[in-house]
Amino acid sequence: MIKLAVEHATQRKQFKTRIADFEMIREKISEMTAHTYVLESMVYMTAGLVDKKVDYSLEGACCKVWGTELLWKTINEALQISGGNGFMNEYPYGRGLRDSRINMIFEGTNEILRLFIALTGMKEAGDVLKDFQGALSHPVSQYGVLKGHAQKWMRGTVTSYKLDKVHPSLAPEADQAAKYAAVLRNACETMVYRNRKNVVNRQYLLHRIADVVMDLYAQIATLSRVTAAIEKKGEEKAKPEIEIVRWFAFQARHRMVANLKALDRHKDAEATAISEAAYEAGGYPFDLWGW
Ligand SMILES: Cc1cc2nc3c(=O)[nH]c(=O)nc-3n(C[C@H](O)[C@H](O)[C@H](O)COP(=O)(O)OP(=O)(O)OC[C@H]3O[C@@H](n4cnc5c(N)ncnc54)[C@H](O)[C@@H]3O)c2cc1C
């Protein structure tokens, strides 16, 4: 799809200019390319865990959710770049979109996997339900258990991926990932403390936590891959990859800050009320022509 999008963007002219040179098109191409690099890094790192025969369920879930949504977005943007042609059945985009859609539904829907990612993020990866349920049945006395799990998981995540081995030129991005892992850990602790057993039902919040976990894993995997690229080729030749990790870390920081802030400051009650209005009306409740 990236190949098709690049071919079309560099050949098609509008306003006497290659559409490839318009910044809104560049934005799409750079995002498709950089995010594909990030996804490859996540899958590669996860494959390493499979080879090591350690538990990779959390990382696998991150790859599935992130990868299936990226595929959908990439095909959608490739279709958009090809304009009216993209809508026609003679071109592969429509079929690509339809075929890629199922990936967000089967092999664990992305909603269920986000719950898994967030709840695993609140305790140590592995033996997910047993200890968690045990702790939640005595939430106050067991709070220490959950707190320990959360800390162990996040600390384990950061240290086991050897953020300290990241190339010195990427230190700011590595520090950022470690910082937000710590912020996430505290946010998880606070959520469990405030919600006790009900934490499993706080899906607005769990959605945000899952997205932060995925952004963190994506950054860690990409830092690892770019470090390897620098060590192999040198900084000059690895420059395009360094640009990807810097660009991605910048974008991810914005998303993480927004998601973490929205754990406390949100309009979730309003969202619930709006959905209730739709449920009560049996559809769209504000039909302009309905009276
Ligand atoms: C082409 C195709 C091939 C398939 N192949 C297989 C196969 O080989 N093996 C197999 O076992 N299955 C297969 N399936 C089934 C597939 O795994 C299920 O469709 C999928 O798991 C979703 O289940 P469901 O359709 O019952 O939807 P539901 O479970 O009813 O879900 C409907 C929606 O509600 C959401 N939802 C459900 N529960 C929650 C919750 N607790 N919190 C938040 N949101 C929730 C879901 O995420 C989804 O968006 C296939 C399906 C298709 C279409």
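Along each chain, residues carry numbers from 1 onward, in the same order as the chain's sequence is written. The predicted nature of this model means local features are confined to residues of pLDDT at least 70 and side-chain atom pairs, given and counted, to a pLDDT of 80 or more, with totals for whole chains, interfaces and linings taken over all residues.

### Section: the overall build of the chain
Applicable threshold: Working definition: helices are DSSP H or I runs of at least four residues, strands are E runs of at least two. Numbering for both runs from the N terminus. With C-beta atoms placed from the backbone, a residue counts as buried when 20 or more other C-beta atoms lie within 10 Å of its own, as exposed when 12 or fewer do, and as partly exposed for counts between those limits.
Counting its regular elements, the chain contains twelve helices and two strands. Going residue by residue from the N terminus, the α and β elements of the chain occur as α-β-β-α-α-α-α-α-α-α-α-α-α-α. Out of the 291 residues belonging to the chain, those deemed buried represent 35%.

### With respect to the confidence of the model for the chain
Condition: Scored between 0 and 100, pLDDT is the confidence that the predictor attaches to each residue. C-beta atoms are placed from the backbone for every residue, and two residues are taken to be in contact when these atoms lie within 7 Å.
Averaged over all residues, the pLDDT of the chain is 87; the fraction at 70 or higher stands at 85%. Contacts for the low-pLDDT stretch residues 158-162, under 50 throughout, to residues beyond four places or in other chains number five contacts.

### Concerning the environment of Leu 70
Topologically, Leu 70 is positioned in helix H3 (residues 57-81). Residue class for Leu 70 comes out partly exposed when judged on the 18 C-beta atoms lying within 10 Å of it. Residues Leu 70 and His 35, 35 residues apart in the sequence, show an inter-C-alpha distance of 7.3 Å. Beyond its immediate stretch of four places on either side in the chain, Leu 70 contacts His 35 and Leu 39.

### Observations regarding the nonpolar core
Applicable threshold: Only buried residues count toward a nonpolar core: Ala, Val, Leu, Ile, Met, Phe, Trp, Tyr and Cys, linked into one set through C-beta atoms within 7 Å. Start and end positions for the domains come from either an automated domain assignment or a database one.
Formed by 51 residues in total, the largest nonpolar core has its most connected members in Met 42, Cys 62, Ile 117, Val 213, Met 214, Leu 216 and Tyr 217. Listed by contribution, the elements that provide at least two residues to this core are helix H2 (23-51), H3, helix H6 (110-121), helix H9 (171-195), helix H10 (203-233) and helix H11 (239-261). A per-element tally of this core places H10 first, with 16 residues. Split by domain, this core shows at least three residues from each of two domains, domain 1 (2-8 + 20-110) and domain 2 (113-265). The next biggest cluster of nonpolar side chains, apart from the first, holds ten residues, and it includes Ala 5, Leu 71, Ile 75 and Leu 79.

### Concerning the site of the ligand
The condition that has to hold: All residues are tested the same way: a C-beta atom is placed from the backbone, and lying within 6 Å of a molecule or strand makes the residue near it. Under the scheme applied here, ten amino acids are nonpolar (Ala, Val, Leu, Ile, Met, Phe, Trp, Tyr, Cys and Pro), four are charged (Asp, Glu, Lys and Arg), and all others, including Gly, are polar.
Neighbouring the ligand are the residues Ile 102, Ile 105, Phe 106, Thr 109, Glu 111 and Ile 112. Grouping the constituent residues of the shell around the ligand by class yields four nonpolar, one polar and one charged.

### Some remarks on helix H12 (residues 268-281)
Residue pairs spaced three or four apart in an α-helix point in one direction, given the helix's 3.6 residues per turn. Going by this rule: To estimate the expected span of a helix, count its residues, drop one, and scale the result by 1.5 Å.
Given a rise of 1.5 Å per residue, 14 residues ought to cover 20 Å, and the 20 Å separating the end C-alpha atoms of H12 matches this to within 8%. Remark: Gly 282 follows H12 within two positions and exhibits a positive phi of approximately 70°.

### Thoughts on the packing of helix H1 (residues 2-11) against H2
To characterise two packed helices, one gives the angle between the axes of the helices and the distance between these axes. Note the cut-off: Orientation is described by axes fitted as lines to C-alpha atoms, over the contacting stretch for helices, and by angles from 0 to 180 degrees between their N-to-C directions. Oblique is the label for any angle not under 35 degrees, not over 145, and not in the 65 to 115 range, which are roughly parallel, roughly antiparallel and roughly perpendicular in turn. Should the near helix be turned anticlockwise from the far one by less than a right angle, the crossing is termed left-handed; should it be turned clockwise, right-handed.
Two numbers describe how H1 lies on H2: the axes approach to 11 Å, and their chain directions differ by 155°. Our classification of the angle between H1 and H2 gives roughly antiparallel. Considering the relative orientation of H1 and H2, their crossing is left-handed. From H1, Ile 2, Ala 5, Val 6 and Ala 9 reach across to H2, where they touch Ile 25, Ile 29, Met 32, Thr 33 and Thr 36. Partitioned by chemical class, the residues of the contact of H1 with H2 number seven nonpolar, two polar and no charged.

### Description of unusual backbone geometry
In this structure, Phe 15 is a non-glycine residue whose phi angle is positive, near 55°. Looking at the element boundaries, Phe 15 is found in the loop between strand E1 (13-14) and strand E2 (17-18). Note on Phe 15: 6 C-beta atoms within 10 Å, which makes it exposed. Its identity is not glycine, yet Glu 107 carries a phi of approximately 60°, on the positive side.

### Regarding H3
Between its first and last C-alpha, H3 extends 36 Å over 25 residues, near the 36 Å set by a 1.5 Å rise per residue. Of the residues flanking the end of H3, it is Gly 83, one or two places downstream, whose phi is positive at about 65°.

### Let's talk about the environment of Ala 9
By the element assignment, Ala 9 lies in helix H1. Separated by twelve residues in the primary sequence, Ala 9 and Asp 21 have C-alpha atoms spaced 8.2 Å apart. In contact with Ala 9, not counting residues within four places along its chain, are Arg 18, Ile 19, Ala 20, Ile 25, Ile 29 and Ile 81.

### Some points on the packing of H2 against H10
Direction vectors running N to C along H2 and H10 enclose 85°, while the axes themselves pass 8 Å from each other. Looking at the two axes, H2 sits roughly perpendicular to H10. Contacts between H2 and H10 involve Val 38, Ser 41, Met 42, Tyr 44 and Met 45 from the former and Tyr 217, Ala 218, Ala 221, Thr 222, Ser 224 and Arg 225 from the latter. By residue class, the composition of the contact of H2 with H10 is seven nonpolar, three polar and one charged.

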